[in-house]
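Reading the structure
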Amino acid sequence: MNDHVHAPVDLTKNQSLVMSALTNSDGPLSAYTILDQLRDHGFRAPLQVYRALDKLVEFGLVHRLESLNAFVACRHPDCDGHETLAFMICETCSQVTELSDMMLANHLKGLAEKRGFALKKTTIELRGVCAMCKAA
Ligand SMILES: [Zn+2]
Ligand SMILES: [Zn+2]
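Residues numbered from 1 in each chain as written. Chains lettered and ligands numbered in written order. Predicted model: local features only at pLDDT ≥ 70, side-chain atom pairs only at ≥ 80, totals over all residues. Heavy atoms only, no water.

**Let's talk about the side chain of His-63**
To keep it simple, the criterion reads: Each helix is a run of H or I in the DSSP string that is no shorter than four residues. Each strand is a run of E no shorter than two, and both are numbered from the N terminus. For the purposes of these results, a polar contact is taken to be a pair of N or O atoms within 3.5 Å, where, inside protein, one atom must be able to donate a hydrogen and its partner to accept one; residues adjacent in sequence count only when each atom of the pair is a side-chain atom.
For His-63, the position within the fold is in strand β1 (residues 62-65). Polar contacts involving the side chain of His-63 include one to the side chain of Glu-98, which spans 3.1 Å.

**Some remarks on the coordination of the zinc ion (ligand 2)**
How we decide: Listed donors are limited to N, O and S atoms within 2.8 Å of the metal, widened to 3.2 Å for Na, K and Ca; water is not among them, so incomplete-looking sites are possible. Geometry is assigned from donor-metal-donor angles: four donors are tetrahedral when every angle falls between 85 and 135 degrees, four are square planar and six octahedral when opposite donors sit over 155 degrees apart with all other angles between 65 and 115, and any other arrangement is irregular.
Of the protein atoms, only Cys-90 (SG), Cys-93 (SG), Cys-130 (SG) and Cys-133 (SG) coordinate the zinc ion (ligand 2), at distances of 2.3 Å. Here the zinc ion (ligand 2) is ringed by four donor atoms whose angles at the metal span 105 to 113°, and the overall shape comes out tetrahedral. Ordering the donors of the zinc ion (ligand 2) by residue number gives the pattern C-x2-C-x36-C-x2-C. Pair noted here: Cys-90 is in strand β3 (residues 84-90) and Cys-130 is in the loop between β5 (122-128) and α5 (131-135), with a separation of 40 residues, a long-range link.

**Observations regarding the nonpolar core**
Spelled out, the test is: For the purposes of this section, nonpolar cores are sets of buried Ala, Val, Leu, Ile, Met, Phe, Trp, Tyr and Cys residues that join through side-chain atoms within 4.5 Å. Think of it in three bands: with a 1.4 Å probe and only protein chains considered, a residue is buried below 20% of the maximum accessible area for its type, exposed above 50%, and partly exposed in between. We call two residues in contact whenever any of their non-hydrogen atoms come within 4.5 Å of each other.
Judged by nonpolar contacts, the single largest core of 19 residues is most densely connected at Val-18, Leu-22, Ile-34, Phe-43, Val-49, Leu-53 and Val-62. Within the residue set of this core, elements represented by two or more residues are α1 (13-23), α2 (31-37), α3 (46-59) and β2 (70-73). Ranked by the residues each element gives to this core, the list is headed by α1, at five residues. Aside from chain neighbours lying at most four places away, what touches Val-62 is Met-19, Leu-22, Leu-53, Leu-56, Val-57, Phe-71, Val-72, Ala-73 and Cys-74. Judged by nonpolar contacts, the second largest core, of six residues, contains Leu-65, Val-72, Leu-85 and Phe-87.

**Thoughts on the layout of surface pockets**
Stated formally: Grid points spaced at 1 Å over the protein atoms alone were grouped into cavities, where a 1.4 Å probe fits but cannot get out, and pockets, open sets with protein on both sides within 12 Å along at least five of seven lines, with lining residues defined by an atom within 4 Å of a point. Grid points are joined across faces, edges and corners, and a volume is the space filled by probe spheres set on the points. Ten residue types, Ala, Val, Leu, Ile, Met, Phe, Trp, Tyr, Cys and Pro, are classed as nonpolar, four, Asp, Glu, Lys and Arg, as charged, and the remainder, Gly among them, as polar.
Empty space within the second largest pocket amounts to approximately 160 Å³. Lining the second largest pocket are 13 residues, with Ala-73, Arg-75, Val-96, Thr-97 and Glu-98 positioned closest to its centre. When residues of the lining of the second largest pocket are traced back to their parent elements, those giving at least two are β2 and β4 (96-99). Per element, the largest residue contribution to the lining of the second largest pocket is three residues, and it comes from β4. Partitioned by chemical class, the residues of the lining of the second largest pocket number six nonpolar, four polar and three charged.

Just distances and angles here, no functional claims.
Rendered as structure tokens:
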């Protein structure tokens, strides 16, 4: 399918179609955009897309961007367990870059632990202007 580094999982036909729509896209896609792209492949209802997306997120192949209500394929070469994710979102070109930083992850975990909070998952969304757009 692609040169993705995550452990291969058996995807259903719908899951692979949604996965390739996201892999072939330059930026994040909403469920409705994915539905529009896949109508020719037999997708009719948003629920079909959401079901596939739920599984892909669970597998760690796709990440959900809450602030955009959109989804991106994981492009991080060593996405490690996906406990802490950070995304830089360019507000000019909509480019999304995934970041992974163990120091940041450990720091947040420490802050939470100090307050007796059992941290499960962190998603950080940084909004701004990417290097390319800044230079343009
Ligand atoms: Zn990832
Ligand atoms: Zn940009």
